[in-house]
Structures are given as C-alpha cells and as structure tokens.
Amino acid sequence: MTESTHPLGTVPQDELIARADADPLRPRFHFVSPAGWLNDPNGVSQWNGTYHLFYQYNPEGAFHHRIQWGHATSTDLVRWTDQPVALEPSAGPDADGCWSGVLVNDGGTPTLVYSGRLGEQELSCVAVGSADLLSWSKIPQNPVIAAPPAGVDITAYRDHCVWREGSIWRQLVGSGIRGRGGTAFLYESRDLRSWEYVGPLFIGDASQGDPAETDWTGTMWECVDLFRAGGGSLGTVPTSGDAPDVLVFSAWDNGDTRHPLYWTGRYSENTFEPTGLHRLDYGGRFFYAPQSFQDQSGRRIMFGWLQEGRSNAAMIEAGWSGVMSLPRVTALADDGSLVFAPVPEIEKLRRDHVGLPVQELVPGAPVPTGVSGNQLDLELDLQLEPGAVLRLGLLGSADNGVSGSSKEETVIELRRTTEGGSQGTLRLDRTQSSLDPTVDVDDKAGPLPMPDGRVHLRVLVDRSAVEIFANGKPLTARVYPTLAGEHVSLTAEGTVRLLSFDAWTMAEIFGGARNLFP
C-alpha cells in the first residue's frame, strides 16, 4: 500500500474503505468507487454483452489528484464487479493524470482515447486493450494530438467524443475560445494515431444570457457527446424523419463546473447547425459530465457524475467522494427534446412493495403512506387541476415523534400553473433537508410539461443521492440528513388526484469487501 503524498491525503489509505463503508450517507444501490475520489464516467460501453463503466478515480483519498481510470463491469447494469485500474499516470504526456475519454472499437481492438495531463495541459492520448478489456497499453505515439489548434486563444482543452464515419474516424475535443464561448474542435483520422484538425464544429456565445442562469453555455464545454437521437448513425440521412442530432456538453467557467446542457440540431460534414438549447438535468452540477453509448439492443444509455454538496473537509474525513448516476435511457419526446428514465433493469432491486388506492387528496391533510426508508423507489401517477400543488416529502425526521412536524425533510414539489394548460413546474426543496449549515441546499427547479395536468413521477432515493424523473424530465441532487430520518409524506394544495402510488425498498448492489486496488 503506497503512502499518501498529497497534503489533502490526511486519512491513511488503509482506513479509506472502512470509513467509506461506515458513512450512513454513502449510497448503496448506486455505483460508487471502493473509496477515495470518483468523478466523470468514462468509456461507458457494452462489449460482447458485458457493460463497462470506467471512471475518474483517485484511490489516494477523497480529493482530485493524479487521476486514474477505475473500471467496473456488469452483465445487467445493476450489480457491478470491480476490475483492475485501467489507466494510471506514467512518465510522459499523462504523468499528472489520465483524464476523461471514451472507448471505441477499432476493428475488434478495444481502444481508449483520453486526455493525458502534464503540468497544466491536457492532450489526446490512446491506449489499446486486451480482448477482455482488463489490460491496457499506451501507444508510443502519445500524445496523438500534439497541441490545441494554433493561433486560437483557448480557455481549456480536454475530453473526447470519437466515432467512425465510413473509413474515417472523427473526434471532438471540448474547449472554449477566449472572448467568445465554448466549443468543440473537430479532427479526423484514418488510424486513431494521426489526426488532422478540421475546425470548430460549433462555437457558443458566452456573452448571451446571464452567467447566473441555469442555461448559460459557459466559457468552455467539457465532456462533449454527439449522437443521433432515436437511433441511426452520425453523418447519415435520418431514418426516422426529423430525428435530431444532439450535442451534449457540460458548461464550465474558470474552474467552476456549472451544469449539463444539450443542443439539438443537425450535424453535417464539418458543422453543427443548432435548432434549440435545452437543460439536460434540472439538478445542474449534480448530474455533471454525462457520457452515453448505444447498447447492443439499440438503447441510448447515459451515466452522469453526482458531485458532492458538502465540504472538502467532510468528504476527506468520510473517505469517499462522488456517486455515479443510475444508468438512464435517453429517448426523443414529441417536441424534439430528450426524455429520460432509469433503465428497467434497476427494478430487480425492488423489495417490500407498498401501494395506495386511487383517491383525491384532501388539501392540507397528510396522506398516511405507510412508507419509510432511505433506499427507496417510488412511482406515482397524478392529475393536478389548475393551480394545484403536490408535495412528496422524503427522509423526514419527526420532531419528538409528532407526525408532520419534521425537523429534516427533503420535498419534491409539483405545481400546475393557475391558467391551466399543459405547463407546470418541478421543484426540489432542500432548505430543510439537513441541520448541517455547511451543505448545499440551493433551490433546484425546471419547467414541466403536464398534458391535462397528468404527471408520471419516479423518485429514487439512495441515502444522500436523489434522482427524480417527472414526465421524463430529470432532476438529480444530493442531500445530507443528520437525523437518519426515513419518513415519506404526501400532501396537496388544490385538487390533486392520486391515480397510482407504488413504493419499494431497494436492495444493495455490493456484497462483501471491496479493495482500493482490485
């Protein structure tokens, strides 16, 4: 076991796993690293029937430093097996870290394209894998792109999206042009080793909008991801009519990870013509750096990084940081935007079902749900009349045992506009979620289509991780209750009909001891 060399490495490595396992806030049915630090999903894929999840990993402690590529595999997207670290820094262009990247199939050879960090610079590097994807070798030509485009004043330059069009490989590298906005630089190659710069695929405008807004596009685009919605291949004529191309990015500004966004539009030849900008997740930075892939059944599956909302000191003391989202299926809505849902495989973790009958909720009167827990899957169908509000309370801790007077509670709110129509709002109220004054409790909300006032609500609670899907619109966040509350409450204002209510506790996905270095 190596000794910590970073000043933040105050917890001995041989204590990290025990501390992480003992933390009551650590999720149990989301993927988390064995201990230490986790951030971006990388190389997400399915290869010969096995799902692969690589991720940014620091086993030295719960802080970002000399990043490696952790690796886990699964046959069902639910239970994961830790595999040996795929990439770690070595002398050369990745001496200070193996940052984010992707996995591609180069004629049967598994190949990683990633950002090698040396000093303050990240450049494209390549590693090739064994047939089982468990052993990786960096190629001697690294870095395969020697520098950012000449003559361009960039804000940052890293992260990759790589795909094949005919006999040509194409690559996007996330970046930003100082004084203009975020961008993705386009390259092409015949062998993944020699790359020719083509130009910026599309340049954002950071001067547009308020930097404080949830749809500001930032000064740099991290973790760009380009794909054809609804299936089909990039650069071909859409097979399903108006199926758009989608350019996903995470808006970044001077070291500040802001939020994931996506453009819909059309990618053709060397450019992307946008038709609309959309928020990808109403939780903002709590679903950051998403990466997607098409599995062998044709589904577009996406993972994201649930950042922490507590202090660096709290993370380091706990021995772990970062949660991987549940895998979510991406689909195309009628209005041309994306909708999301957890992969159905997650349902195999359900236990101990509780249901409620169809009913009209009495305004102001709490509904006895009979549900409690901190690992839950809740599924509701509702109909709200104009002006009505539905509140679903989670992780509630009663004050002196008096029902309805919780000291801590995280509240999901659905509100239909008073004018009626098909519009409403999804909101997560975390103001009472924790008695810890240092944790993030900022409001999270976004517009919600409500045709005829109908809402299908899916909520997955995993201790400090909360993933909400309302009519396919996601809101992801972190909460840090201190009182171990597990109460679930349901209240309404105005006329709300409960059409269905189903709840389950969720089983854990890891059994037995885990190792920092599998």
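Before reading further, recall that the structure is shown in the block above.
Quick notes on the rules
Residues numbered from 1 in each chain as written. Predicted model: local features only at pLDDT ≥ 70, side-chain atom pairs only at ≥ 80, totals over all residues. Heavy atoms only, no water. Helix = DSSP H or I, 4+ residues; strand = E, 2+ residues; numbered from the N terminus. Rg over C-alpha atoms; globule rule 2.2 N^0.38 Å. Buried < 20%, exposed > 50% of the residue type's maximum accessible area, 1.4 Å probe, protein only. Contact = heavy atoms within 4.5 Å. Areas by Shrake-Rupley, 256 points an atom, 1.4 Å probe, with all protein chains shown as cover. Lys, Arg positive; Asp, Glu negative; His and termini not counted. Charge placed at Lys NZ, Arg CZ, Asp CG, Glu CD. Pairing = 2+ DSSP bridges. Axes fitted to C-alpha atoms, helices over the stretch in contact; angles between N-to-C directions. Disulfide = S-S within 2.5 Å. 1 Å grid on protein atoms, 1.4 Å probe; cavity = no way out; pocket = protein on both sides within 12 Å on 5 of 7 lines; lining within 4 Å. Points joined across faces, edges and corners; volume = space filled by probe spheres on them. Nonpolar A, V, L, I, M, F, W, Y, C, P; charged D, E, K, R; others polar. Polar contact = N/O pair within 3.5 Å; in protein donor to acceptor, adjacent residues only side chain to side chain. Core = buried A, V, L, I, M, F, W, Y, C linked by side-chain atoms within 4.5 Å.

A. Region of the structure containing the overall build of the protein chain. When helices and strands are tallied, the protein chain shows two helices and 34 strands. At 23 Å, the protein chain has a C-alpha radius of gyration in line with the 24 Å of a compact globule built from 518 residues. Along the three orthogonal principal directions, the C-alpha set of the protein chain runs to about 70 × 55 × 45 Å. Counting every position in the protein chain, which comprises 518 residues, the buried fraction comes to 59%. Contacts in the protein chain between residues at least 24 apart in sequence constitute 59% of all its contacts with a sequence separation of at least 6. Summing over all exposed atoms, the protein chain offers an accessible surface of approximately 19500 Å²; the carbon and sulfur share of this is 49%. Where the 40 positive side-chain charges of the protein chain centre and where its 65 negative ones centre are 2 Å apart.

B. Representation of the sheet that holds strand β6 (residues 109–118) within the structure. If you trace the four strands from one edge of the open sheet to the other, you get β5-β6-β7-β8, paired in antiparallel fashion. Two strands lie at the open edges of the sheet, namely β5 (97–106) and β8 (136–138), each paired on one side alone. Between one strand axis and the next, the sheet turns by 30 degrees as a mean value, whatever way the strands run. One ladder, built from nine bridges, connects β5 with β6; its direction is antiparallel. Bridged to Val104 within β6 is Thr111.

C. Inspection of the state of the cysteines at higher detail. Under the counting rule described, the total for this entry stands at zero disulfides. As a non-bridged cysteine, Cys98 has Cys125 as the owner of its nearest cysteine sulfur, 7.8 Å distant. Note on Cys223: no disulfide assigned, nearest cysteine sulfur contributed by Cys161 at a separation of 11 Å. Exposure remark for Cys223: the relative accessible area of 8% places this residue in the buried category.

D. Looking closely at the sheet that holds strand β10 (residues 168–177). Strand order in this open sheet of four strands is β9-β10-β11-β12, and the pairing throughout is antiparallel. Each of the sheet's edge strands pairs with one partner strand only, and the pair in question is β9 (154–165) and β12 (196–203). When the angles between neighbouring strand axes are averaged without regard to direction, this sheet yields 25 degrees.

E. Looking closely at the layout of surface pockets. The computed volume of the largest pocket comes to approximately 900 Å³. Taken together, 35 residues make up the lining of the largest pocket; nearest its centre are Leu103, Val104, Val162, Trp163 and Gln294. Of all elements in the fold, only β1 (36–47), β5, β9, β13 (220–228) and β17 (288–294) reach the threshold of two or more residues within the lining of the largest pocket. A breakdown of the residues in the lining of the largest pocket according to their chemical character gives 16 nonpolar, 13 polar and six charged.

F. Representation of empty space enclosed by the protein. A complete count under the given rule lists one cavity of 30 Å³ or more for this structure. Taken as a whole, the largest cavity encloses approximately 50 Å³ of empty space. For the largest cavity, the full set of lining residues is Phe29, His30, Phe31, Leu77, Val78, Trp80, Phe303, Ser325, Leu326, Pro327, Ile346 and Ile509. Split into classes, the residues belonging to the lining of the largest cavity amount to ten nonpolar, two polar and no charged.

G. Molecular detail of the side chain of Arg430. Secondary-structure assignment places Arg430 in the loop between β28 (423–429) and β29 (444–449). At 2.6 Å, the side chain of Arg430 forms a polar contact with the side chain of Asp440. In terms of polar contacts, Arg430 uses its side chain to reach the backbone carbonyl oxygen of Asp442, at 2.9 Å. Apart from the residues lying within four places of it in its own chain, the contact partners of Arg430 are Phe286, Asp440, Val441, Asp442, Lys444, Ala477, Arg478 and Val479.

H. Representation of the nonpolar core in the model. Phe31, Trp80 and Phe303 are the most contacted members of the largest nonpolar core, which totals 61 residues. For this core, the element with the most residues is strand β18 (residues 300–306), which contributes five residues.

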